Amino acid sequence: MKRYITGRLLRAIISVFIVTAIAMTMIYTLIPRELIFKNDPVYQKLGNKDDTRKAYEYTTYEKLGYLYFDQQKDMCEAFASDNYDACMKVDSKEIKEILEDYKQKGFTIEQYKSGLYYAYKDIPISSQIFKFFGNLLDFDHPFRVQDESNPNLERKYYIANDHNGLPSIQCSGCKYKYQWYMDASWPFVHQNALKLNFGISYPTFAYQEIGSILSNRQGEEKREMVVFPTGEMQESSLLLHTAKYKATSTLDRLDQNKFTDNYADCDKMYTDPSMIQTSMTFGIISIFLAYLIAIPAGMSMASHKGKWQDKLGTVYINFMIAVPSLAFIFFGWSLGTSVFGLPSKFPVLGAHNFKSYILPVVILSLLSTSGLMLWTRRFMIDQASADYVKFARAKGLNQKEIFRRHVMRNAMIPIAHGLPGSIILTICGAVLTETVFAIPGSGKLLPDAINDHNNSMIVALTMLFTGLSILGVLLGDILMTFLDPRIQLEEKSGGAH
């Protein structure tokens, strides 16, 4: 089993790498990159009369990893700092020498309308791919921070109590002060030492880390009494366990009143769950309800094959398959709001009112029941014709006992295979349902990213969803071995079983 799982995980990693690399190649080579500015309000407001728009355009390309970009002021500061003013003159001797060096390195040299120069060089797609994967695992360490205004910064790990009086592993010189810490939130032990770095989002959620967009809470700021390291107590929304290093030159009086060191840049608390948590809440509840409805219904159809229970179930399955999902969602939305008085949109009552969840959960559950009922019926009817069932009848067992003790157990194995994947993929969200009910989940992220040409977000979500899909299949295979010990995943001397 261990060898099988190890092999599957290695193949999964390779598959995720290949799929992501293909997606990056298609996005960054086949789609014109200037489309990223299509829905950028800042870019649209900048005029063409001066150099501002062009500088903004190439600076953005550089931040997103498309190219290397230097303006004349950057060149002069780096290579002619002693003679900066002369270098900044158009066609000066100093800048011509620098530009010649840039040309030899493969840069393209162009001029702004003002006459000043800038240079850029495209980054090959192969380098972009390896850079993405090379930076995917973001390890924090004591030499992470480089602050010229604080040359005596101590660099070390140490154990100390946090503001709650609980022991924690802290760091000086790391990006995050708290590397490992404890609090009352599950799983109770948390870390900032290792994070997944999917890059930055643009133009939506401009320049924010994609991982933070997916995992950070939403809604309004949540304020509570906080005791800061200096001992000052006040109502605040700051999460002290997220404290990041802040350069000495940017520390202000308010920071110094609250913090005893440079770790004064904290995330904020918000009232509502993150996008992923919101989608998973809806998804997991709807899956549980769908199985609760569909499995008994499918069993009843199979045990009463050809009778009214089977015919009624068949009509329901055909109806649910025939009706478009969007039409059914709007039908459920109209019925729930007009007859039962449930909220038409999720934000009406918000994430903390159970009525906000009723309509979307019921609709999502019913959309899944037809397939589950169909396959449960098929598997049980298939098992009912097996030899062991005939033998059980010959021994005198009645139909009810045969279905309950034998047929149901074997028929549930292939049904259970899809359960882990269904649960894991709730992270992906439900696009149509979340759109209709204005649910702030992760379902709309990929369609919105495609529409807004948010290429970094598309790549990150492609990788995430691919990895989760493969993991779901693997967990389904493992679950089958627990339900039926006869199923062996590894190869034995007689061949695969």
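Here the structure is a predicted model, which is why all the values come from computation and not from measurement. Numbering of residues starts from 1 in every chain and runs along the sequence as written. Totals for whole chains, interfaces and linings use all residues, but because this is a predicted model, local features are given only for residues with pLDDT of at least 70 and pairs of side-chain atoms are given and counted only at 80 or more. Side-chain metrics in this entry use all non-hydrogen atoms of the structure; hydrogen atoms and water are not considered.

Draft legend 1. Structural context of the sheet that holds strand β7 (residues 178-182). For two strands to count as paired, DSSP must find a minimum of two bridges between them. Put simply, DSSP H or I for four residues or longer makes a helix, DSSP E for two residues or longer makes a strand, and each gets a number counted from the N terminus. Strand order in the open sheet made by the 4 strands is β5-β6-β7-β8, with antiparallel pairing throughout. Strand pairing shows two members of the sheet lacking a second neighbour, β5 (156-161) and β8 (189-191), which therefore form its edges. Strand-to-strand twist of the sheet, defined as the mean angle between neighbouring strand axes without regard to direction, takes the value 20°. Looking at chain direction, β7 and β8 are connected through 3 bridges and run antiparallel. Each bridged residue has a counterpart across the sheet, and for Met182 the counterpart in β8 is Val189. To obtain each axis, a line is fitted to C-alpha atoms, and for helices this fit is confined to the stretch in contact; angles are then taken between N-to-C directions over 0 to 180 degrees.

Draft legend 2. Layout of the environment of Phe340. Within the secondary structure, Phe340 is located in the loop between α12 (325-338) and α13 (346-349). Here's how the labels work: a residue is buried when its accessible area is under 20% of the maximum for its type, exposed when over 50%, partly exposed in between, all with a 1.4 Å probe on protein chains only. Residue classification places Phe340 among the exposed positions, given a relative accessible area of 59%.

Draft legend 3. Geometry of helix α6 (residues 93-104). For a helix, the expected span equals 1.5 Å multiplied by the residue count minus one. Helix length check: α6, at 12 residues, gives a terminal C-alpha distance of 17 Å against a target of 16 Å (1.5 Å per residue), a fit within 8%. Listed in full, the buried residues belonging to α6 are Ile95, Ile98, Leu99 and Tyr102. Viewed along the axis of α6, the buried residues span an arc of 100°, placing them on a single side of the element. Exposed side chains of α6 directed beyond 90 degrees from the buried face belong to Lys93, Glu97 and Gln104. Contacts from the buried residues of α6 go to β1 (67-71), α4 (72-79), α5 (84-87), β2 (108-111) and β3 (117-122). Phi for Gly106, located one or two positions after α6, is positive at around 95°. The directions from the helix axis to the C-beta atoms are what the arc is built from. By definition in these notes, contact holds between two residues if any of their heavy atoms fall within 4.5 Å.

Draft legend 4. Broad picture of unusual backbone geometry. Cis geometry is adopted by the peptide bond preceding Pro187, which originates at Trp186 and carries an omega value of 10°. Here Pro187 shows up in the loop between β7 and β8. Omega for the peptide link from Tyr202 to Pro203 comes to 5°, which places this bond in the cis form. Within the secondary structure layout, Pro203 lies in the loop between β9 (194-196) and α8 (210-215). Even without a glycine there, the phi angle at Asp91 is positive, about 65°. Within the secondary structure, Asp91 sits in the loop between α5 and α6. Take Asp91: its relative accessible area is 43%, and that puts it in the partly exposed class.

Draft legend 5. Seen up close, the pattern of salt bridges. The salt bridge criterion pairs a side-chain nitrogen of Lys or Arg with a carboxyl oxygen of Asp or Glu, the two atoms within 4 Å. The full count for this structure, using the stated rule, is 13 salt bridges. Two residues, Arg33 and Asp122, come together in a salt bridge whose shortest N-O distance is 3.2 Å. Of this pair, Arg33 sits in the loop between α1 (2-30) and α2 (41-45) while Asp122 sits in strand β3, and the two are 89 residues apart along the sequence. With a shortest N-O distance of 3.4 Å, Lys105 and Asp101 are connected by a salt bridge. When its relative accessible area of 45% is taken as the criterion, Lys105 is described as partly exposed. The partly exposed category is assigned to Asp101, whose relative accessible area is 30%. Connected via shared salt-bridge partners are Asp138, Asp140 and Arg144.

Draft legend 6. Geometry of the packing of α4 against α6. Viewed as axis vectors pointing N to C, α4 and α6 meet at an angle of 100°, and their least axial separation amounts to 10 Å. When the axis of α4 is compared with that of α6, the two are roughly perpendicular. Counted together, Gln72, Met75, Cys76 and Phe79 of α4 and Ile95, Ile98, Leu99 and Tyr102 of α6 form the full contact between these two elements. Each residue gets one of three labels, nonpolar for Ala, Val, Leu, Ile, Met, Phe, Trp, Tyr, Cys and Pro, charged for Asp, Glu, Lys and Arg, and polar for the others, Gly among them. Along the lines of polarity and charge, the residues of the contact of α4 with α6 split into 7 nonpolar, 1 polar and no charged. Reported orientations rely on four angle classes, namely roughly parallel under 35 degrees, roughly antiparallel over 145, roughly perpendicular from 65 to 115, and oblique for the rest.

Draft legend 7. The arrangement of the pairing of strand β11 (residues 224-227) in detail. As defined by bridge partners, β11 adjoins strand β12 (residues 233-236) across 4 bridges and the pair is classed as antiparallel. Directly across from Met225, in β12, lies its bridge partner Glu235.

Draft legend 8. View of the state of the cysteines. Cysteine sulfur atoms that come within 2.5 Å of each other are treated as a disulfide pair. Going through the model one piece at a time under the given rule, you end up with 2 disulfides. Paired through a disulfide, Cys76 and Cys87 show a sulfur-sulfur distance of 2.0 Å. Across the disulfide from Cys76 to Cys87, rotation about the S-S bond amounts to roughly -75°, and the bridge is consequently left-handed. Pair noted here: Cys76 is in helix α4 and Cys87 is in helix α5, with a separation of 11 residues, a long-range link. When sorted by exposure, Cys76 lands in the same class as Cys87, which is buried. Cysteine pairing for the chain (bonded cysteines numbered in sequence order): 1-2, 3-4.

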